[in-house]
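Each chain is listed here by its residues.
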Amino acid sequence: MESWLGYALIAMLTGGVAMVFAKMGMNNNANEHLALVIRTGVLFMMVLGNALYAGGLKSARMIDSKTLTWFVLAGACTAVYWILYFKAIKTADVSIVATIDRAGILVTVGLSYFLLNEPLTPRLLLGMGVILCGTLILIWK
């Protein structure tokens, strides 16, 4: 198995577990804002520790303004994403919110095609179609 696939599978597993843990914490009367602050604080410390350990901060001065802008925009999108995601799981079933959230892959694939010139293969299109159908089933009233 290629290393990227192992990383992706472990990310998928830990991402799924993290959402259930977050919902379990909010069931004990913690509000979604506090839950997100705690989660993000732990995340920041772990990411910083990993970067320090791997020597990833040594190249910080070499980042140009265009690259920095993309990272800042990605961070801002992530912040909005997590704020709204935690609001959603506070009041709804995490299983449904997480499934709808995964439809964001449709946006990712579309943007990666148009902005990054990544290919749209028949297998990828079929997978996207299944995700879209599943999402529509969940939000259909």
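Below is a summary of the structure that appears in this document. Owing to the predicted nature of the structure, the values given are computational and were not obtained by experimental measurement. (Residues numbered from 1 in each chain as written. Predicted model: local features only at pLDDT ≥ 70, side-chain atom pairs only at ≥ 80, totals over all residues. Heavy atoms only, no water.)

### Looking at the pattern of salt bridges
For the coordinates displayed, the defined rule picks out 2 salt bridges. Taking the shortest distance from any N to any O, the salt bridge between glutamate 32 and lysine 87 comes out at 3.3 Å. Here glutamate 32 is found in helix α2 (residues 32-54), whereas its partner lysine 87 is found in helix α3 (residues 65-91), with 55 residues between them in sequence. In this structure glutamate 32 comes out as buried when scored by relative accessible area, which is 14%. Ionic pairing is found between aspartate 101 and arginine 102, a salt bridge with its closest N-O pair at 2.3 Å. (Salt bridge = Lys/Arg side-chain N within 4 Å of Asp/Glu carboxyl O. Helix = DSSP H or I, 4+ residues; strand = E, 2+ residues; numbered from the N terminus. Buried < 20%, exposed > 50% of the residue type's maximum accessible area, 1.4 Å probe, protein only.)

### Some details on the packing of helix α1 (residues 3-26) against α3
Following both chains from N to C, one finds α1 and α3 inclined at 60°, their axes separated by 10 Å at the closest point. In terms of axis orientation, α1 runs oblique to α3. Pair α1 / α3 crosses with right-handed handedness. Contacts between α1 and α3 involve Met19, Ala22, Lys23 and Met26 from the first element and Trp82, Tyr85, Phe86, Ile89, Lys90 and Thr91 from the second. (Axes fitted to C-alpha atoms, helices over the stretch in contact; angles between N-to-C directions. Parallel < 35°, antiparallel > 145°, perpendicular 65-115°, else oblique. Left-handed = near helix turned anticlockwise from the far one by under 90°. Contact = heavy atoms within 4.5 Å.)

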